[in-house]
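The primary structure of each chain is shown beneath.
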Amino acid sequence: MSYVRAAALSELEEDTPKRVEIDGTPISLVRTEGEVFAINDICSHANVSLSEGEVEDCSIECWLHGSSFDLRTGKPSGLPATRPVPVYPVKIEGDDVLVSVTQES
């Protein structure tokens, strides 16, 4: 698994999503509850940015229709979304937030 630097940990505000792009993949980085999560930034219900939504209870809410996605699994917790969004492994090394968007074989 290959990791790429996505941001500095010091750039991430608690419960405030930050949109980044890694190898053409839009990602929302979220620092919450003492952890950093990386979730695909595109809602599975509508083609809108999740990083513009609210973070609460380890989930991110799509601002357009209100579907929430678990930051750990990507699974939606309510309608209208029914499909999960991808989540990506995160490592912290010093002040660097590293994310892997590569798929294992």
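Residues numbered from 1 in each chain as written. Predicted model: local features only at pLDDT ≥ 70, side-chain atom pairs only at ≥ 80, totals over all residues. Heavy atoms only, no water.

A.B. asks: What is the right way to look at the nonpolar core in this model?
C.D. replies: Generally speaking, soluble globular proteins have nonpolar side chains that are buried together. With 15 residues, the main nonpolar core has I39, C43, L50, I60, F69 and L71 as its most contacted residues. Once you skip the residues sitting within four places of it in the chain, I60 turns out to touch P17, S28, V30, I39, L50, S51, E54, V55, S67, S68, F69 and L71. Ranked by size, the runner-up nonpolar core spans 14 residues in total, among them A7, V20, V36 and V97. (Core = buried A, V, L, I, M, F, W, Y, C linked by side-chain atoms within 4.5 Å. Buried < 20%, exposed > 50% of the residue type's maximum accessible area, 1.4 Å probe, protein only. Contact = heavy atoms within 4.5 Å.)

A.B. asks: What is the right way to read unusual backbone geometry from this model?
C.D. replies: Most of the time, phi is negative for any residue but glycine, and the peptide bond is trans. Following L79, the chain continues to P80 via a peptide bond in cis, the omega torsion being 10 degrees. Within the secondary structure, P80 sits in the loop between β7 (68-70) and β8 (87-88). In this structure, D57 is a non-glycine residue whose phi angle is positive, near 50 degrees. Looking at the element boundaries, D57 is found in the loop between β5 (55-56) and β6 (59-61). A positive phi angle is found at C58, which is not glycine, with a value near 60 degrees. Here C58 shows up in the loop between β5 and β6. Since its relative accessible area comes to 3%, C58 is described here as buried. (Helix = DSSP H or I, 4+ residues; strand = E, 2+ residues; numbered from the N terminus.)

A.B. asks: What should I look at first to understand the sheet that holds β6 in this one?
C.D. replies: Where strands meet in a sheet, backbone hydrogen bonds hold them as pairs that are either parallel or antiparallel. The strand order β5-β6-β7 describes an open sheet built from three strands, whose pairing is antiparallel. Edge positions in the sheet fall to β5 and β7, since each has one partner strand and no second. (Pairing = 2+ DSSP bridges.)

A.B. asks: Got a minute to help me understand the UniProt feature "domain: Rieske" (unreviewed entry) in the chain in this structure?
C.D. replies: Per the UniProt record, the feature "domain: Rieske" (unreviewed entry) sits at residues 4-99. Annotated as 0% helix and 44% strand, the span residues 4-99 places its first and last C-alpha atoms 5 Å apart. (UniProt positions renumbered as here; feature names shortened; annotations may be inferred.)

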